[in-house]
Amino acid sequence: MRLAVEGANVRGLIFNAVFKLLAQHEGEQAATALRATIAKKPLVDFFSYPVRDFLQVLYGAAETLAPRYGSVEDAIRACGAAAIGGFFQSGVGKTLAHIIGQGDPKRLFSSAPTAYSTAVSYGQREYSNLGERRVRLHFRGDMQPVEFHQGLLEEALRAVGCQGRVEARKLGLEEAEYIIEW
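Residues numbered from 1 in each chain as written. Predicted model: local features only at pLDDT ≥ 70, side-chain atom pairs only at ≥ 80, totals over all residues. Heavy atoms only, no water.

As for the overall build of the chain
Which entries qualify depends on this criterion: In this text, helices come from DSSP runs of H or I with a minimum length of four residues, and strands from runs of E with a minimum of two, each type numbered from the N-terminal end. All radius of gyration figures rest on C-alpha atoms, and the globule criterion is 2.2 Å times the number of residues raised to 0.38. We call a residue buried when its accessible area falls under 20% of the maximum for its residue type, exposed when it is over 50%, and partly exposed in between, using a 1.4 Å probe and counting protein chains only. Note on areas: Shrake-Rupley, 1.4 Å probe, and residue coverage restricted to the protein chains presented here. Charge counting follows a simple rule: Lys and Arg are positive, Asp and Glu are negative, and His as well as the terminal groups are ignored. To locate a charge, take NZ of a lysine, CZ of an arginine, CG of an aspartate or CD of a glutamate.
For the chain, the count of helices and strands is eight helices and six strands. Sequence-ordered secondary structure for the chain, helices as α and strands as β, is β-α-α-β-α-α-α-α-α-β-β-α-β-β. Relative to the 2.2 N^0.38 estimate, which gives 16 Å for 182 residues, the radius of gyration of the chain is 16 Å and therefore close to what a compact globule would have. Overall, the C-alpha framework of the chain stretches about 45 × 30 × 30 Å when taken along its three principal axes. Across the 182 residues of the chain, 43% fall into the buried class. Counting only carbon and sulfur atoms, one obtains 52% of the accessible surface of the chain, whose full area is about 9,200 Å². In the chain, 21 positive and 20 negative side-chain charges are present, and the distance between their average locations comes to 4 Å.

Some details on the packing of helix H1 (residues 12-26) against helix H2 (residues 28-36)
Where we set the bar: Only the contacting stretch of a helix is used when fitting its axis, a line to C-alpha atoms as for every element, and angles between N-to-C directions run 0 to 180 degrees. Residue contacts follow a heavy-atom distance rule, with two residues in contact if any of their heavy atoms lie within 4.5 Å. Three classes are used, and their members are as follows: Ala, Val, Leu, Ile, Met, Phe, Trp, Tyr, Cys and Pro are nonpolar, Asp, Glu, Lys and Arg are charged, and the others, Gly among them, are polar.
Packing of H1 against H2 leaves a shortest axis separation of 6 Å and a crossing angle of 145 degrees. Contacts between H1 and H2 involve Phe19, Leu22, Ala23 and Glu26 from the first element and Glu28, Ala30, Ala31, Leu34 and Arg35 from the second. Tallied by class, residues from the contact of H1 with H2 come to six nonpolar, no polar and three charged.

With respect to the packing of aromatic side chains
Here is the rule we go by: Aromatic rings from Phe, Tyr and Trp, with only the six-membered ring used for Trp, were paired whenever their centres fell within 6.5 Å, and each pair was classed as stacked if the ring planes differed by under 30 degrees, edge-to-face if by over 60, and tilted otherwise.
Per the stated rule, a full pass over the model turns up five aromatic pairs. Measuring from ring centre to ring centre gives 5.6 Å for Phe54 and Phe148, while their planes differ by 75 degrees; the resulting arrangement is edge-to-face. Taken together, the residues span a long stretch of sequence, with Phe54 in helix H3 (residues 51-69) and Phe148 in helix H8 (residues 146-159) at a distance of 94 residues. Assigned by exposure class, Phe54 and Phe148 land together as buried. What links up through ring pairs into an aromatic cluster is the set Phe15, Tyr49, Phe54 and Phe148.

Re the pairing of strand E6 (residues 175-181)
Applicable threshold: One requirement defines pairing of two strands: DSSP has to find at least two bridges between them.
With five of seven residues buried, E6 is to be regarded as a mostly interior element. As judged from the seven bridges shared by strand E4 (residues 134-140) and E6, these two strands associate in the antiparallel manner. Each residue of the ladder has a partner; that of Arg136, found in E6, is Ile179. Where strand E5 (residues 165-172) lies against E6, seven bridges are found, and the strand directions are antiparallel. Residue pairing for E6: Val166 is matched across the bridge by Ile180. Here E5 hands over to E6 after two residues, the two strands then running antiparallel side by side.

The following block contains the structure:
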């Protein structure tokens, strides 16, 4: 939390995906109670909210969901998957998936730096092509746990119809890289 600088924001869409996952497994009352720790009313998908609030929500949801997923880390991965899954189920996400095309993860991940910059106001992300079926994303200045991004990237692979794996390597407090293979 102390790494979360003032002015660092996350779109409401990411918060709402976590609330929806919590409601799905623990009931609407659990999701409403968690949301009440940061806001009095529902969050708007395209508005920006403090990353500190998101981290509070993420870890609160992960603690609650850990028994269902087996660990806090796996629950955080599920929250990441929910964040991108919700996006790809939206009208905009379905259109993007159609434009990208099924079975083309390189096209999807090459635009990840831009996509992330529309969802959060902090950090830098770089894309590298490592071969025919392998890419790397390098994150700097990112406060989210690596498990969140790992779950998000794994779900993004599924969204374009590919099976694969995402290896997450934490390089520092605010730096990580993700090797994505399919």
